[in-house]
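Given next are the chains, with one letter for each unit.
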Amino acid sequence: MSRTPLYDEHKDIGAKMVDFAGWQMPISYEGGIQQEHLAVRTETGLFDVSHMGEIRVEGEGSVDFLRYATLNDVAKLSPGRGHYSMLQNDSGGLIDDLYIYCNGEQDFIIVCNAANQTAALSHLRKLGDAYTVDIVDESESWALLALQGPGSVLLLGRHCDDDLSAVKKNRKITTRLAGISADVARTGYTGEDGFEIFCRPDDAVKLWQTLVKAGAQPCGLGARDTLRLEAGFPLFGHEFTGDTNPLCSDYAWVVKDKNFYGREAMWNANCKQKLVGIKLTERGIAREGYRILADGEEIGRVTSGTISPFTREGIAMGWLASDYASVGTGISVEIRRQEVGATVVKPPFY
Amino acid sequence: MNIPNDRRYAASHEWAKVSGDGVITIGISEHAQDALGDIVFVELPDVGQSLNAGDEFGVVESVKAASDLYSPVSGEVTEVNSSLEDAPETINESPYEEGWIIKVKVSDSSELDALQDADAYKATAEAEG
């Protein structure tokens, strides 16, 4: 079981730890998931996401390689810009979703899910054989913190050598925070304004303590999950898997019209099912795996669900038969053998 | 960890307290609410429902998961705490008082003897970590 550099910090403030993808991570701190969720929506929260993987792709063939191996188009990136992307398999599904940043014309860094890091790395190396690229696992070289919430710019700005209001969404700069060298990206997984901060593992504790002392509320993976779900963001392993085609979801925009590995299996998608947002109209909580029903039949399954701490409504995402995928369609979710009324909605849920 | 002496406990973390007149009040322990985290939903039985000891009588759901509630005694449900429908977090805030869940008129009060006392339950809770 691995630990991030911030393990002791989490334990010291009473975090409930959990095993996540081979890492000991905080699920929540003493205030609880709901309070942390609300702190991010209204002030500033701080997440340790150092368990995530970082993979460096460098060399003459970087752009051609990444255009082939990932669904979004890195040719559109220039140094200092990043984008959301996906790693696809050759059967019309996915291996991971991820972020790619351009550090230089032939220099990219991929940030991937902790659970898929090994699979992503070995897949990239296999495809990379045909290109002039160096693929380096840099996961041990980086700690990653996410500062999220409307107070982020002001809070971080007070400790930053550079003007953060000039760093637009999806841009990344190298700067100093409280004297610590860090890459700061205006990105996040919560739906709020915020930053993802890459620093050396040895500097992580000092940076964490500085931001907490400045007023950032430590938040765990529990709140991270309710926040991303409320924002309508997919979590790999739930909304997207090896069998799901992003062309049948609101994320079809990621799949660019170019030659890519597995294109034949993915491109002409005949979407029997679509990924939708679901809001319960009666009391209850939809959970992963629950059946979705309409006209007396099972039409799909819930992939993620919870109660929105912000609105107190039951919210969920799931794949269901395309005929029922329009916004406003009435459906029901089977919760403990009861049919609970619900509607198809377009996220975000708040 | 607060484990009051004025009631008995099931290994599944429900507590049962004699309220007088053959009626037992049932809730969940502080250990249980702490392990669950923020409780966001409570499913209650109907008044009048008959229960046998060990029957599932309801559900508490936290943000992350749903947890069944098991009746420690047999009898008929006489009252349910319907304020929990709008304020499920009451169980977190006051698991032994305001967060009571149901009241049951029991047929056989000796069933309480089969439950754990505070010391025995303390050992159970600590063993779970």
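Just so it is clear, the structure is predicted and the values come from calculations on it, not from any experiment.

To summarise the sheet geometry, strands pair through backbone hydrogen bonds and adopt either a parallel or an antiparallel arrangement. All names here are of chain A. Read from one edge of the open sheet, three strands run β1-β3-β2, paired in mixed fashion. Here the strands that pair on one side only, and so sit at the sheet edges, are β1 (2–3) and β2 (16–20). Where β1 and strand β3 (residues 23–28) come together, two bridges link them in parallel fashion. Bridging from a neighbouring strand, Arg 3 pairs with Gln 24 of β3. Across the face of the sheet, helix α7 (residues 221–230) comes into contact with β2 and β3 while running at roughly 65 degrees to β3.

Residue and element names in this part refer to chain A. Judged by nonpolar contacts, the single largest core of 122 residues is most densely connected at Phe 108, Ile 110, Leu 145, Leu 147, Ile 197, Ala 286 and Val 333. Tallying contributions element by element places strand β7 (residues 94–104) first for this core, with seven residues. Not counting the four nearest positions on each side in its chain, Ala 286 is found in contact with Ile 278, Leu 280, Val 302, Gly 305, Gly 314, Ala 316, Val 333 and Ile 335.

Residue and element names in this part refer to chain A. You can read the domains of chain A as domain 1 (2–50 + 142–230), domain 2 (53–138) and domain 3 (272–345). Each of domain 1 and domain 3 has a C-alpha centre, and the two are 31 Å apart. In this complex, domain 1 contributes seven residues to the contact, which on the side of domain 3 involves seven residues. Mapped by element, the contributors of at least two residues to the side of domain 1 that touches domain 3 are α2 (33–42) and α7. For the side of domain 1 that touches domain 3, the element with the highest residue contribution is α2, accounting for four residues. Looking at side-chain class alone, the side of domain 1 that touches domain 3 contains two nonpolar, three polar and two charged residues.

This part covers the interface of chain B and chain A. Contacts between the two partners involve eight residues from chain B, matched on the other side by ten residues from chain A. The residue inventory of the side of chain B that touches chain A, partitioned by class, reads four nonpolar, one polar and three charged.

Attention now moves to unusual backbone geometry. All names here are of chain A. Cis geometry marks the peptide bond from Pro 347 to Pro 348, where omega comes out at 10 degrees. One can find Pro 348 in the segment after β20 (338–345). Not every positive phi belongs to a glycine, and Ala 21 is a case in point at roughly 50 degrees. On the secondary structure map, Ala 21 appears in the loop between β2 and β3. Overall, Ala 21 belongs to the partly exposed group, with 15 C-beta atoms counted inside 10 Å.

Residues and elements named next belong to chain A. With respect to the helices, strands and loops of the structure, Asp 225 is situated in helix α7. The exposure class assigned to Asp 225 is buried, which follows from the 21 C-beta atoms found within 10 Å. Measuring from C-alpha to C-alpha, the distance between Asp 225 and His 123 comes to 27 Å, with 102 residues separating the pair along the chain.

Rules used throughout
- Residues numbered from 1 in each chain as written.
- Chains lettered and ligands numbered in written order.
- Predicted model: local features only at pLDDT ≥ 70, side-chain atom pairs only at ≥ 80, totals over all residues.
- Pairing = 2+ DSSP bridges.
- Helix = DSSP H or I, 4+ residues; strand = E, 2+ residues; numbered from the N terminus.
- Contact = placed C-beta atoms within 7 Å.
- Axes fitted to C-alpha atoms, helices over the stretch in contact; angles between N-to-C directions.
- Core = buried A, V, L, I, M, F, W, Y, C linked by C-beta atoms within 7 Å.
- Buried ≥ 20, exposed ≤ 12 C-beta atoms within 10 Å, placed from the backbone.
- Domains from an automatic or database assignment.
- Nonpolar A, V, L, I, M, F, W, Y, C, P; charged D, E, K, R; others polar.

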